[in-house]
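The primary structure of each chain is shown beneath.
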Amino acid sequence: MRAAAGHIAIAFVAALLFGGCMKWDYGSEEDFDASGSGLFILNEGNFQYGNATLSYYDPAARKVENEVFYRSNAMRLGDVAQSMTVRGGTGWIAVNNSHVVFAIDLDTFKEKGRIVNLTSPRYIHFVSDTKAYVTQIWDNRIFVVDPSRYEVTGYIECPGMNSESGSTEQMVQYGKYVYVNCWSYQNRILKIDTETDEVVGELTVGIQPNSLVKDRNGKLWTITDGGYEDSPYGHERPALYRIDAETFAVERKFEFPIDGSPSEIKINGAGDTLYWIDDDIWRMSIDDDRLPVRPFIESEGTKYYGLTVDPRNGDVYIADAIDYRQQGAIIRYSADGEEIDRFRAGITPGAFCWK
């Protein structure tokens, strides 16, 4: 259920399905001790199958452990693992179609708590230890939660949305303001005051901004997918936008071909190089004045589904969902584009989180 062309799945009926049909499938618990650095891989599974899984990769040992949530908790992760965020020693996993955010220990992978009664959680952003925002798809609200108590404490009403077209996605913070891209049938970036929990600004960009990052200069970067042919919301050339967070204004716009499908914009640890998927893997300096003409890593005859960059050394990891039925592949490249490792994760690997 990624926010990109070819990644769309229907989540509206989830509330009807989860309570009566979801099977947690309890098993036996296994002990882990994964101290040190590592990479979590969220495998979406198949929509309405409840087969999402969590994998953990040790880059130094080049070793992967699959199904670590199930193996450590004797319980399935749920239906469509969307994203994961680390805060202190805790990992927070948004499971979209199970309406839950799990909190897990980063070393043992055991559950510490959960936030429930969410519509369809996409991403979580921490304002403090006692306040976080959880974005939703097909809901005109962003949920305000107290992660210390695992409770929903309020809502941020998002203008111009309803239960059919509402979609808030990734969040980045600049000063006291949180910025969020609105994806499905939307074309805006919202600005939220974290002191009042209110939307205080809107910026119109292209059709369907699907991802959002902040660079070292305080600039926001978003990629729009442009919709699709015959879409009721319209179809236009996708584009990469640079937005000044201070003035909340578009500074640069780089257009892709009309048949492009860019998604998953990421940034390296230094905050000076952008990466994204558009069939191949592309990269670009934040100071470049035009889009690259040649890909950084060429596609291997498949459509890449997820992307991340190691914040420490610049290694690039790509998720290949293959056929969305078997275990997907993760390919690791050096910062120079040389393949380092390749391994299997779970079904439909789509998101990553660095420990």
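Structure report, in brief. Given the structure is predicted, the values throughout are model-derived calculations rather than measurements. (Residues numbered from 1 in each chain as written. Predicted model: local features only at pLDDT ≥ 70, side-chain atom pairs only at ≥ 80, totals over all residues. Heavy atoms only, no water.)

A short note on unusual backbone geometry
Move 1: Of note in the backbone geometry, arginine 62 takes a positive phi value of approximately 55° without being a glycine.
Move 2: By the element assignment, arginine 62 lies in the loop between strand E2 (53–58) and strand E3 (63–65).
Move 3: The phi angle at aspartate 230 is positive, at roughly 70°, despite the residue not being glycine.
Move 4: As for its placement among the helices and strands, aspartate 230 is situated in the loop between strand E17 (219–224) and strand E18 (239–244).
Move 5: Given a relative accessible area of 72%, aspartate 230 falls into the exposed group. (Helix = DSSP H or I, 4+ residues; strand = E, 2+ residues; numbered from the N terminus. Buried < 20%, exposed > 50% of the residue type's maximum accessible area, 1.4 Å probe, protein only.)

A look at the side chain of asparagine 97
Move 1: Here asparagine 97 shows up in the loop between strand E5 (90–95) and strand E6 (100–105).
Move 2: Residue class for asparagine 97 comes out buried when judged on its relative accessible area of 3%.

A look at the state of the cysteines
Move 1: Applying the stated rule across the entire model yields zero disulfides.
Move 2: No disulfide involves cysteine 182; its nearest neighbouring cysteine sulfur is the one of cysteine 158, lying 6.3 Å away. (Disulfide = S-S within 2.5 Å.)

What to know about the sheet that holds E5
Move 1: Reading across the sheet, the four strands line up as E4-E5-E6-E7 and stay open at both edges, with antiparallel pairing between neighbours. Edge strands, defined here as strands with exactly one partner in the open sheet, are strand E4 (81–87) and strand E7 (111–115). Recorded for the sheet is a direction-independent mean angle of 20° between the axes of neighbouring strands. (Pairing = 2+ DSSP bridges. Axes fitted to C-alpha atoms, helices over the stretch in contact; angles between N-to-C directions.)

Details of the environment of lysine 355
Move 1: Position of lysine 355 among the secondary structure elements: in the segment after strand E27 (349–354).
Move 2: When the C-alpha positions of lysine 355 and glycine 271 are compared, they lie 18 Å apart, and in sequence the two are 84 residues distant.
Move 3: Excluding residues that lie within four positions of it along the chain, lysine 355 makes contacts with Ala34, Ser35, Gly36, Ser37, Gly38, Phe40, Tyr56, Leu106, Asp107 and Arg312. (Contact = heavy atoms within 4.5 Å.)

Focus on the pattern of salt bridges
Move 1: Under the counting rule described, the total for this entry stands at 29 salt bridges.
Move 2: For lysine 355, the salt bridge is made with aspartate 107, and the minimal N-O distance between the two is 2.7 Å. Here the residue lysine 355 occupies a position in the segment after E27, and aspartate 107 occupies one in the loop between E6 and E7, the gap between them amounting to 248 residues.
Move 3: Its relative accessible area of 19% is what places lysine 355 among the buried residues.
Move 4: Accessibility expressed as a relative area gives 27% for aspartate 107, which makes it partly exposed.
Move 5: Close ionic contact of glutamate 202 with arginine 188 constitutes a salt bridge, the shortest N to O distance being 2.7 Å. Linking glutamate 202 in strand E15 (residues 198–204) with arginine 188 in strand E14 (residues 188–193), this pair joins segments that are 14 residues apart in sequence.
Move 6: Overall, the relative accessible area of 42% leaves glutamate 202 in the partly exposed class.
Move 7: One continuous salt-bridge network, built from bridges that share partners, spans Glu30, Lys63, Glu65 and Arg71. (Salt bridge = Lys/Arg side-chain N within 4 Å of Asp/Glu carboxyl O.)

Side note on the sheet that holds E18
In sheet architecture, strand pairing relies on hydrogen bonds along the backbone and comes in two forms, parallel and antiparallel.
Move 1: With antiparallel pairing, four strands are arranged side by side in an open sheet as E16-E17-E18-E19. Both outer strands of the open sheet, strand E16 (209–214) and strand E19 (249–255), are each paired with one neighbouring strand and no more. Across the sheet, the axes of successive neighbouring strands diverge by a mean angle of 20°, strand direction being ignored.
Move 2: With six bridges connecting them, E17 and E18 associate as antiparallel partners. For isoleucine 223, the partnering residue across the bridge sits in E18 and is leucine 240.

A word on the pairing of E7
Working note: regular strand, side chains alternate between the two faces of the sheet.
Move 1: With four bridges connecting them, E6 and E7 associate as antiparallel partners. Along E7, the bridge assignment pairs alanine 103 with glycine 113.
Move 2: Counted along the chain from E6 to the antiparallel partner E7, the turn is five residues long, and its residue phenylalanine 109 has a positive phi close to 70°.

Notes on the layout of surface pockets
Gaps left between atoms are located by rolling a probe of water-molecule size over the structure's atoms.
Move 1: The computed volume of the largest pocket comes to approximately 1000 Å³.
Move 2: Along the walls of the largest pocket sit 33 residues, with Met84, Thr85, Met171, Lys266 and Phe352 positioned nearest its centre.
Move 3: Among the elements of the structure, E4, strand E8 (121–128), strand E12 (168–174), E16, strand E20 (263–267), strand E23 (304–309) and E27 are those that each provide at least two residues to the lining of the largest pocket.
Move 4: Considering every element that reaches the lining of the largest pocket, the biggest residue donor is E4, with six residues. (1 Å grid on protein atoms, 1.4 Å probe; cavity = no way out; pocket = protein on both sides within 12 Å on 5 of 7 lines; lining within 4 Å. Points joined across faces, edges and corners; volume = space filled by probe spheres on them.)

By themselves these figures say nothing about function.
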